[in-house]
Amino acid sequence: MPDRQPPETPRSPSSPPPPAGSGTLVLSGARLADGAEVDVRVTAGRIEAVGRAGSLVDRTARAAGCHLDLRGYLLLPAPAEPHAHHDNALTADTDGPPSSAPREVQRRTTEAALLQLGHGTTAIRTHVRIDDHTAPRTLQAVLGARRELRGLTDLGVVAVPRLLTGVAGARTLALLRDAVRMGADVLGGCPDLDPDPAGYAEAVLSLAAEHGCAVDLHTDAADPARLTRLAAMARGLRPGVTLGPCGGLARMPPAVAARVAEQLADSEVRVVTLPQGDCGYRTRPAPSTAFTAFTAPVRLLRAAGVHVAAGSGALRDTRNPVGRGDPLEAAYLLAARGEATPEEAYAAVSARARTVLGLPPVRVEAGFPAELLAVRGQTLPGVLSLGYSRVVVHRGRVVARTSAVREFCSPADTAEGAGLSLPRQAQG
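**Quick look at the overall build of the protein**
The helix and strand tally for the protein stands at twelve helices and 18 strands. Burial analysis of the protein (428 residues in total) assigns 52% to the buried set. In the protein, once contacts between residues fewer than 6 apart in sequence are set aside, the share between residues at least 24 apart is 73%.

Below, the structure is given as structure tokens:
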């Protein structure tokens, strides 16, 4: 196979990366999405070579324990999570409000990140509330989790203020500046909750321009005029502006939504959709209230040229008691709803999500970062539907492994059951 060198792409402005795996790892017999069966040699955190199956593994590699047999697995670029709320994750079963004690916040963040790592996610962007009651303790706790996870997964942090205008907003703006100095990578927030949404967005964008930070804002995106103004303000800001989950676009007349999408594309504003539904950061009705969840119209946005990624959002928190944080589930939902082909859906949780996070691209080709996910299965639609057994490679090292085995009892000894040849076990 010909080698292809990746383009240079700046890293996310998070803490310096840990050393990559220093040894050599050979992944043998894996199937690629195009059906080719290959061996992949990884050295110093990057893919060194890709060749036909059986061409790169030798006795030395097997004896040294640096060989992993991936026959029966589909090998893919690892997913990334562009929209998480790990400081409040896994609190659905809590009696009363979740604890804001730093130790608890750090534990929840770490556990949620490891859960997603087990699914294959090797880079995460998590949003953290910044307000008078919790700052800077909550942010310090999440940054502590990032240090704990170093070498296992990359954790980017978004500082999310509640109000930024008026008397209350002046104090929060100072906290937001402190958050950048403490190590927050991205500036975020929810303009929809502020009495002056345009003033809120302008404050975040101005501070981001001052510090060279990316911006990631929560919005329902239901107001075309507000989106038009936001797109105009975001034009030219580097390293870029992301909006999500933008379910309100689906409630607009299609012609209006198409015009807004073109404006977002012209300003290079990216959109992160949450196929599972709204993350609940904005006000959500009580469970007894009729509520229809909308997700962003991905086909319409992509037709206009908008860069669209997909994330998981809520992970069993007090506003949404369900959620698995599984990128393959997010991709499955996109494809099942007809918003994307399976290939486009997986790109939304991998290549496009990495772009939102400011990370370099990953392909199963020589020269690219060794951020890989192997899923038991033969085709991409198949693993999006029933891919349970997984092997995760981060910086050239196997960091997580999940094995699923189903067991079946023998059929009843009846005329109906006689002659059936059923497996006692099956791997998923």
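**Some remarks on the packing of helix α9 (residues 327-336) against helix α10 (residues 342-349)**
Running from N to C, α9 and α10 point in directions that differ by 140°, and their axes come no closer than 8 Å. Between α9 and α10, the interaxial angle falls into the category oblique. Both α9 and α10 take part in a crossing whose hand is right-handed. Mapping the contact onto sequence places P327, L328, A330, A331, L334 and A335 in α9 and P342, A345, Y346, A348 and V349 in α10. In terms of residue class, the contact of α9 with α10 is built from eleven nonpolar, no polar and no charged.

**Comments concerning the environment of L380**
Inspection of the secondary structure puts L380 in helix α12 (residues 380-386). Classification of L380 by relative accessible area gives buried; the value is 8%. Sequence separation between L380 and E343 is 37 residues, and the spatial gap between their C-alpha atoms is 7.2 Å.

**Topic: the confidence of the model for the protein**
Mean pLDDT over the protein works out to 89, with 86% of the residues at or above the 70 mark. In the model, residues 1-17 has pLDDT below 50 throughout and makes 37 contacts with residues more than four positions away in sequence or in other chains. Across residues 283-291 the pLDDT falls below 50, and counting only partners more than four positions away or on other chains, this stretch makes seven contacts in the model.

**Thoughts on the sheet that holds strand β6 (residues 81-84)**
Strand order in this open sheet of eight strands is β6-β7-β8-β9-β10-β11-β12-β13, and the pairing throughout is parallel. At either end of the open sheet lies a strand with only one pairing partner, and these are β6 and β13 (308-310). For this sheet, the mean inter-axis angle between neighbouring strands, taken without regard to orientation, is 25°. Pairing between strand β7 (residues 123-130) and strand β8 (residues 154-161): eight bridges, direction parallel. From the neighbouring strand, R125 faces β8, where its bridge partner is G156.

**Remarks on the side chain of H86**
Note on placement: H86 falls in the loop between β6 and α2 (102-119). Within polar-contact distance, the side chain of H86 engages the side chain of Q116 at 2.9 Å. Other than its neighbours up to four places away in sequence, H86 contacts R108, T109, A112, A113, Q116, I124, T126 and L315.

**Topic: the pairing of strand β10 (residues 214-219)**
Across the six residues of β10, six count as buried, placing the element largely inside the fold. Going residue by residue along β10, you find A214, D216 and H218 tucked away on one face and V215, L217 and T219 tucked away on the opposite face as well. With helix α5 (residues 197-211) bridging strand β9 (residues 186-189) and the parallel β10, this β-α-β connection has right-handed handedness. Pairing of β10 with strand β11 (residues 241-245), which is carried by five bridges, proceeds in the parallel orientation. The residue bridging H218 from the neighbouring strand is G244, located in β11. Crossover connection from β10 via helix α6 (residues 224-234) to parallel β11: handedness right-handed.

**Section: unusual backbone geometry**
Along the chain, R238 connects to P239 via a cis peptide bond; the corresponding omega equals 15°. Structurally, the position occupied by P239 is in the loop between α6 and β11. Cis peptide bonds are those with omega within 30 degrees of zero, and the linkage from G244 to P245 qualifies with 0°. Here P245 shows up in strand β11. You will see that A44, though not glycine, has its phi angle at about 55°, which is positive. Owing to a relative accessible area of 48%, A44 belongs among the partly exposed residues under this scheme.

Definitions and cut-offs
Residues numbered from 1 in each chain as written. Predicted model: local features only at pLDDT ≥ 70, side-chain atom pairs only at ≥ 80, totals over all residues. Heavy atoms only, no water. Helix = DSSP H or I, 4+ residues; strand = E, 2+ residues; numbered from the N terminus. Buried < 20%, exposed > 50% of the residue type's maximum accessible area, 1.4 Å probe, protein only. Contact = heavy atoms within 4.5 Å. Axes fitted to C-alpha atoms, helices over the stretch in contact; angles between N-to-C directions. Parallel < 35°, antiparallel > 145°, perpendicular 65-115°, else oblique. Left-handed = near helix turned anticlockwise from the far one by under 90°. Nonpolar A, V, L, I, M, F, W, Y, C, P; charged D, E, K, R; others polar. pLDDT = per-residue confidence, 0-100. Pairing = 2+ DSSP bridges. Polar contact = N/O pair within 3.5 Å; in protein donor to acceptor, adjacent residues only side chain to side chain. Right-handed = clockwise from strand over helix to strand, strands pointing away.

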